[in-house]
Each structure stands twice: as C-alpha cells, then as structure tokens.
Amino acid sequence: MTPDDGGQDVFVHVSAALSGGPLRDGAKVSYDIGQDRKTGKSKAEDVRAI
C-alpha cells in the first residue's frame, strides 16, 4: 500500500484485512503499522476499508 502522505509503501498480507472481502486496487483503507517477526520490516495490520 502507498500512504496518502507520500511515505514509503507498506506491505500488507491478505490476512490483515478486516473488511471480510478482498482489497481492491486503489481502495482507501485505514491500518495500523506493525513489525514482521521474521524480517523485522514494517507491515500493515488491522486493515479496514474506509
């Protein structure tokens, strides 16, 4: 995902989506930033369609 503020892209796994359906390209979402335990990189969590 690309944040609206122009920050770095954030990885999101399909299992992080809370909306119950697939995420669509270009859809507006809100999310929390977490850290991947294996890689230590930032990832999106609790992704919700807005």
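Now for a description of the structure that goes with this document. (Residues numbered from 1 in each chain as written. Predicted model: local features only at pLDDT ≥ 70, side-chain atom pairs only at ≥ 80, totals over all residues. Heavy atoms only, no water.)

### Some details on the pairing of strand 2 (residues 42–49)
The cut-off we apply is this: What makes two strands pair is DSSP finding at least two bridges between them. Here a strand is any run of E in DSSP of at least two residues, a helix any run of H or I of at least four, and the numbering for each starts at the N terminus.
In the sheet, strand 1 (residues 29–35) pairs with strand 2 via six bridges, with the strands oriented antiparallel. Paired with Ser 30 across the two strands is Arg 48, which belongs to strand 2. Linking strand 1 to strand 2, which pair antiparallel, is a turn of six residues; within it Gly 40 sits at a positive phi near 80°.

### Details of unusual backbone geometry
So the rule is basically this: Throughout, exposure labels follow a simple rule: accessible area from a 1.4 Å probe, protein chains only, divided by the maximum for the residue type, with under 20% read as buried, over 50% as exposed, and the rest as partly exposed.
One non-glycine residue, Asp 46, adopts positive backbone phi at about 50°. Counting through the fold element by element, Asp 46 comes out in strand 2. Relative accessible area serves as the criterion here: at 34%, Asp 46 is assigned to the partly exposed category.

### Looking at the environment of Ala 17
Put simply, the rule reads: The contact criterion used is simple: two residues touch if any of their non-hydrogen atoms lie within 4.5 Å.
Summarising the element assignment, Ala 17 is placed in the segment before strand 1. Placed 31 residues apart in sequence, Ala 17 and Arg 48 show a C-alpha to C-alpha distance of 6.2 Å. In this view, Ala 17 contacts Leu 23 and Val 47; residues no more than four positions away in its chain are not counted.

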